[in-house]
Amino acid sequence: MKSVRELIIMTASFALGSIIFIFLSYIQKNLINIPHELVGYVVPVLAGGIIAGVLYTLSLKIARLSTHNQALTGNANLRHDNPTSSRTQLVIYILLGMALLALFSTIQKSLAGYPIQFEGYIVPLIFGGISGLFIGELLIRNQTLLKQERQAVVFWQQEKDKTLNILTSISDGLLVTDVNGRVELVNEVAKQILELDSTAIKGHSLAAIFSRATGNDYSHTFIPSKVGETFQDTIITKDGSTRTIKGSTSAVQSRQANTGAIIVLLRDNTEEQRIERMKSEFISAATHNLKTPITTITGYSELLLSHNHIEQQQAWQLDKLITSLVDINHVDSGGEVQLIKEPFPASILFDSALRFNINDSSALLFIDLSKMELVLENLLSNAFKFSPDGGLIRVSGELTGLRYAITIADEGIGMSRENCQRIFDKFYRIDGSNSGRHGIGLGLTLAKKLVEAHGGEIHAESTLGKGSTLSFSLPVRNLN
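Residues numbered from 1 in each chain as written. Predicted model: local features only at pLDDT ≥ 70, side-chain atom pairs only at ≥ 80, totals over all residues. Heavy atoms only, no water.

Counting secondary structure elements, the chain contains 12 helices and 11 strands. Taking the intrachain contacts of the chain between residues at least 6 apart in sequence as the baseline, contacts between residues at least 24 apart amount to 59%. Carbon together with sulfur atoms contributes 58% to the accessible area of the chain, which is approximately 28200 Å² in total. (Helix = DSSP H or I, 4+ residues; strand = E, 2+ residues; numbered from the N terminus. Contact = heavy atoms within 4.5 Å. Areas by Shrake-Rupley, 256 points an atom, 1.4 Å probe, with all protein chains shown as cover.)

With that settled, consider the pattern of salt bridges. This structure, assessed with the given rule, holds 8 salt bridges. With a shortest N-O distance of 3.2 Å, Arg394 and Glu411 are connected by a salt bridge. You can see Arg394 sitting in strand β8 (residues 394–400) and its partner Glu411 sitting in the loop between β9 (403–409) and α10 (417–422), a full 17 residues away along the chain. Members of the salt-bridge network, linked through shared partners, are Glu195, Arg243 and Asp268. (Salt bridge = Lys/Arg side-chain N within 4 Å of Asp/Glu carboxyl O.)

What follows deals with the packing of helix α9 (residues 369–385) against helix α12 (residues 443–453). One way to put it is that α9 packs onto α12 with a least axis distance of 9 Å and a crossing angle of 145 degrees. In this structure, α9 meets α12 at a crossing whose hand is left-handed. Contacts from Lys371, Met372, Leu374, Val375, Asn378, Leu379 and Asn382 in α9 reach Gly443, Leu444, Leu446, Ala447, Leu450 and Val451 in α12. Grouping the amino acids of the contact of α9 with α12 by side-chain chemistry returns 9 nonpolar, 3 polar and 1 charged. (Axes fitted to C-alpha atoms, helices over the stretch in contact; angles between N-to-C directions. Left-handed = near helix turned anticlockwise from the far one by under 90°. Nonpolar A, V, L, I, M, F, W, Y, C, P; charged D, E, K, R; others polar.)

Take the packing of aromatic side chains next. When we look at a pair of aromatic rings, we describe it by the centre distance and by the angle of the planes. Counted by the stated rule, this structure contains 6 aromatic pairs. Taking the centre distance of 5.4 Å and the plane angle of 85 degrees together, the rings of Phe210 and Phe231 count as edge-to-face. Of this pair, Phe210 sits in helix α6 (residues 206–214) while Phe231 sits in strand β3 (residues 230–236); the two residues are 21 residues apart in sequence, bridging distant segments of the chain. With respect to class, Phe210 is no different from Phe231; both count as buried. A centroid spacing of 5.9 Å and a plane angle of 80 degrees characterise the contact between Tyr218 and Phe231, whose relative ring orientation is edge-to-face. Placement of the pair is Tyr218 in the loop between α6 and β3 and Phe231 in strand β3, with a sequence separation of 13 residues. In this structure, Tyr218 and Phe231 share a single accessibility class: buried. In this structure an aromatic cluster arises from ring pairing among Phe210, Tyr218, Phe222 and Phe231. (Phe/Tyr/Trp six-rings, centres within 6.5 Å; stacked < 30°, edge-to-face > 60°. Buried < 20%, exposed > 50% of the residue type's maximum accessible area, 1.4 Å probe, protein only.)

We now examine the nonpolar core. Ranked by size, the top nonpolar core spans 39 residues in total, and within it Leu349 and Phe472 carry the most contacts. Going through the elements one at a time, β7 (364–367), α9, β9, α12, β10 (457–463) and β11 (467–478) are the ones with two or more residues in this core. Take this core: its biggest share by element is 8 residues, from α9. Ignoring anything within four residues of it in the chain, the contact list for Phe472 reads Met372, Val375, Leu376, Leu379, Tyr404, Ala405, Ile406, Val451, Glu457 and Ile458. Grouped together as the second largest cluster of nonpolar side chains are 21 residues, Val186, Ile201, Ile209 and Val264 included. (Core = buried A, V, L, I, M, F, W, Y, C linked by side-chain atoms within 4.5 Å.)

Every buried residue of α12 is listed here: Leu444, Thr445, Leu446, Ala447, Leu450 and Val451. Directly after α12, the chain includes Gly455, whose backbone phi takes a positive value near 80 degrees.

The next subject is the confidence of the model for the chain. Chain-level pLDDT for the chain is 76 on average; 69% of the residues reach the 70-or-more range. Scored below 50 in pLDDT, residues 432–436 makes 1 contact in the model with residues more than four places away or belonging to other chains. (pLDDT = per-residue confidence, 0-100.)

Attention shifts here to α9. For α9, with 17 residues, the first-to-last C-alpha span of 24 Å sits near the 24 Å given by 1.5 Å per residue. Of the residues making up α9, those classed as buried are Leu369, Lys371, Met372, Leu374, Val375, Leu376, Asn378, Leu379, Leu380, Asn382 and Ala383. (Expected span 1.5 Å × (residues − 1).)

Looking now at the side chain of Asn419. Tracing the sequence through the fold places Asn419 in helix α10. Looking at Asn419, the relative accessible area reads 15%, which means it is buried. When neighbours within four sequence positions are excluded, Asn419 is seen to be in contact with Tyr428 and Ile430.

What follows is about a nonpolar patch on the surface. On the surface, a cluster of nonpolar side chains totalling about 310 Å² of accessible area is made up of Val42, Leu46, Ile50 and Val54. Tracing the backbone through its elements, the reader meets Val42 in helix α2 (residues 42–73). (Patch = residues over 30% accessible without salt bridge, like charges linked within 9 Å, V, L, I, M, F, W, Y side chains within 5 Å.)

What follows is about the pairing of strand β4 (residues 242–254). Relative to β4, β3 runs antiparallel, the two being bridged by 7 bridges. The partner of Gln232 across the bridge, within β4, is Lys246. Hairpin connection of β3 to β4: 5 residues between the antiparallel strands, including Gly240 at a positive phi of 95 degrees. (Pairing = 2+ DSSP bridges.)

Topologically, Lys246 is positioned in strand β4. With 15 residues separating them along the chain, Lys246 and Phe231 place their C-alpha atoms 5.8 Å apart. Residues within four places of Lys246 in sequence aside, it is in contact with Phe231, Gln232, Leu265, Leu266, Arg267 and Asn269.

One can find Leu100 in helix α3 (residues 83–112). With a relative accessible area of 43%, Leu100 lands in the partly exposed category. The sequence separation of Leu100 and Gly128 amounts to 28 residues, and the corresponding C-alpha distance is 7.1 Å.

See below:
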């Protein structure tokens, strides 16, 4: 349909150009008294029609090229032609148009037997000059657009190469799929981690690649609903050793829309796992060697206290530390936190805490009271530690659906995003070497494990320099 429409317009342009040139030729013949013979209109018909057709064709081509270039160049900073050079070209096209029409007019006059006189060249020169002007403008514009297109192609190829170099040079493994879920980009780090070459990765689905590398089923890992989540697995390397890998997925966005393509960042987590095992082994050894003597020490201190009121706070703190180590190590070894649960109203958690904004306090919780008091104690301790210059610490509780949420917010120094993500990790301390804050980084780790053992959830939010908010929620036993 589009080509038929263009053909109709081309025919109309040819006819219009012929009519205009015939009309001008007719007027010229009357002015200089040249007889009106059919052969005298051959050149006007052909020249006028061809010129009009060329003008339409160039206009159509330029419109398409201009639209294409707008999409291609975007914000690319491209070089523009020298206007002086363009004006010189335009003058040349005008002179060429005049010369060409004058030549055709001379040939026509010779064939028709017309006298060769200056008046007979007025219309060819004017029409030829105007035609050369229009055609020259379009040709120059077309030439400029073609140059811009070539520059844009080179520019975007350079940008693509630069982006590709950046992506393939990052320290993590990288895999990028197309919209059909087939890997089209992979860096060397990912190949080394997976121990696969390009032919086993490019063009294949992520599920097939990771299943081949690990021997496990990944058919449900990279589905749209799971994009944005992390995963962890082990690989048996070619030398027989075990390698732990940790990956995360994210969607490729284009103008705020999901394209369907997926990015996978992959990391060799073997060394971190080894360190975690060392920490667990340390905890196990420390608890085994310290728990028994600490029990004896606290027993004797109680005896002394009953007679001489001797302060035993340090011994109790050490006992609490060892107990925390025991609980954490027990869970890390695959065991469960030992809980003695009883039904309590939510208000009991705040008897030893600050009472601010406590709503729905009669909500019934099924908890190990001593464990949950320890959670609150650790969260409050954290809030005080990171409020060195004072500031209000808000404690609030509220029933949300079938869960009771408890929030502790401070106005302290706050945390970075990275710190916020790692604050519940074992032995993780924020600026521990410089801050002078006490603790070995186990309080929040234990709090998280105790909350989760109760079927709850805990998380942290913070703004650097403005304070932090730590909150956890527990399931409600009933609403009566």
